[in-house]
Amino acid sequence: MSRPAPVRTRLAVLATGALLALTACSSGTADAGGDTGGGDDLIRVGFSQLGAESGWRTANTESVKASLSEENGFDLNFVDAQQKQENQIKALRDFVAQDVDVIAFSPVIETGWDEVLQEIKDSGIPVVLVDRTVDTTVEDPFVTWIGADFRQEGTTAGEWVAENAPDAKIFELQGTLGSGAQVDREEGFDEVVGDQVIGKASGNFTRAEGKTAVEAALQAYPETDLIFTHNDDMGLGAVEAIEAAGKVPGEDIKIVSVDGVRDGLQALVDKKFNYVVECNPVFGDQLAELITQVANGEDVPEETIVVDAAFDQTITQADVDARAY
Ligand code: GZL
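Residues numbered from 1 in each chain as written. Predicted model: local features only at pLDDT ≥ 70, side-chain atom pairs only at ≥ 80, totals over all residues. Heavy atoms only, no water.

Visitor: A description of the pairing of strand β12 (residues 275–278) should follow, citing residues and the corresponding values.
Guide: Covered by surrounding structure in β12 are Tyr275 and Val277 together with Val276 and Glu278, the residues of both alternating faces. In this structure, strand β11 (residues 254–259) lies alongside β12, joined through four bridges in parallel fashion. Each bridged residue has a counterpart across the sheet, and for Val258 the counterpart in β12 is Val277. As for the winding sense of the linkage, the β-α-β connection from β11 through helix α8 (residues 262–269) to β12 is right-handed. Pairing of β12 with strand β14 (residues 310–312) involves three bridges; the strand directions are antiparallel. Across the sheet, residue Val276 finds its bridge partner in β14, namely Phe311. (Buried < 20%, exposed > 50% of the residue type's maximum accessible area, 1.4 Å probe, protein only. Helix = DSSP H or I, 4+ residues; strand = E, 2+ residues; numbered from the N terminus. Pairing = 2+ DSSP bridges. Right-handed = clockwise from strand over helix to strand, strands pointing away.)

Visitor: Can you tell me about the site of the ligand, naming the residues and giving the values?
Guide: All residues adjacent to the ligand are Glu53, Ser54, Trp56, Arg57, Asp131, Arg132, Phe150, Arg185, Phe205, Asn231, Asp259 and Cys279. Here Arg132 contributes a side-chain N or O atom positioned 2.6 Å from an oxygen atom of the ligand. In the model, an oxygen atom of the ligand is placed 2.6 Å from a nitrogen or oxygen of the Asp259 side chain. Burial of the ligand by the surrounding chains reaches 100%, relative to a free accessible area of 310 Å². When atoms are counted within 2 Å of each cavity's grid points, the one that captures over half of the ligand is the largest cavity. Residues that form the shell around the ligand fall into these classes: four nonpolar, two polar and six charged. Counting residues domain by domain, the shell around the ligand receives three or more from each of domain 1 (9–147 + 280–307) and domain 2 (150–279). (Near = heavy atom within 4 Å. Polar contact = N/O pair within 3.5 Å; in protein donor to acceptor, adjacent residues only side chain to side chain. Areas by Shrake-Rupley, 256 points an atom, 1.4 Å probe, with all protein chains shown as cover. 1 Å grid on protein atoms, 1.4 Å probe; cavity = no way out; pocket = protein on both sides within 12 Å on 5 of 7 lines; lining within 4 Å. Sits in = over half its atoms within 2 Å of the grid points. Nonpolar A, V, L, I, M, F, W, Y, C, P; charged D, E, K, R; others polar. Domains from an automatic or database assignment.)

As structure tokens, then:
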């Protein structure tokens, strides 16, 4: 993952005598409460969301939109890329053409961004990287990144397996190949129990593709007795495939998952999942604060790690019902 870029400043030509003045990139003085005094002072944000592939992404989108609202001082142009990198690249170029104050995006995969990131850097518009990570040759391509520690999530899942299923024969159901979440969760998990992994395949973070991948896995690796899935949605697809094969999820084949969305935690209560590592998607407020600071030319941390928890089958229905997402 690369490091932050310098903050953008723009020349603003004032009506009185074309006096040139350097102003911070914000078009206004949005304070933390977002009292900007009207449309001209809104912070104009271009946000490229990678898709709507999972419960996690839906919750993340809801959080981002709720925080980057007009009443909070933002003029948000939110574009869903339907998990296609080319759609994200087009949206990023559109944001440059619109000369927004800040660009934010969650890259669907880590590579393939060099050209567009250089174009954005040349435009002077600061980038706030959200959730996923990038692997690029562009120097200092973004000002700050906010997201979860994917590697630690994989390690936490692996440590539960080592403790509770030390002889398990594991099938690893991976997220979108080449995405930061997939690469790092695989690394963290495999470092702990990689010698127990007998097979891997991607379900692209979706329930349907997760089900299809596990149907094939149960044919290819009938000795599988534990599935590590990189997100809850694919894990729920795995439950369908396991039950269709006449086996009992959570017993014949244990399931260890990541995300902790409500449907995933419900599967834990229902004893179909055995352990869930949280990856919290609700960080819209933290993102809004970072964007405001960037727009106002303030220093920001290179990265903000969103804190995760973990859940086992001691979780109660009341716990699940109380969850925000
Ligand atoms: C993690 C996020 C992942 C989730 C999946 O921060 O990028 O993408 O784990 C989602 O549910 O598809």
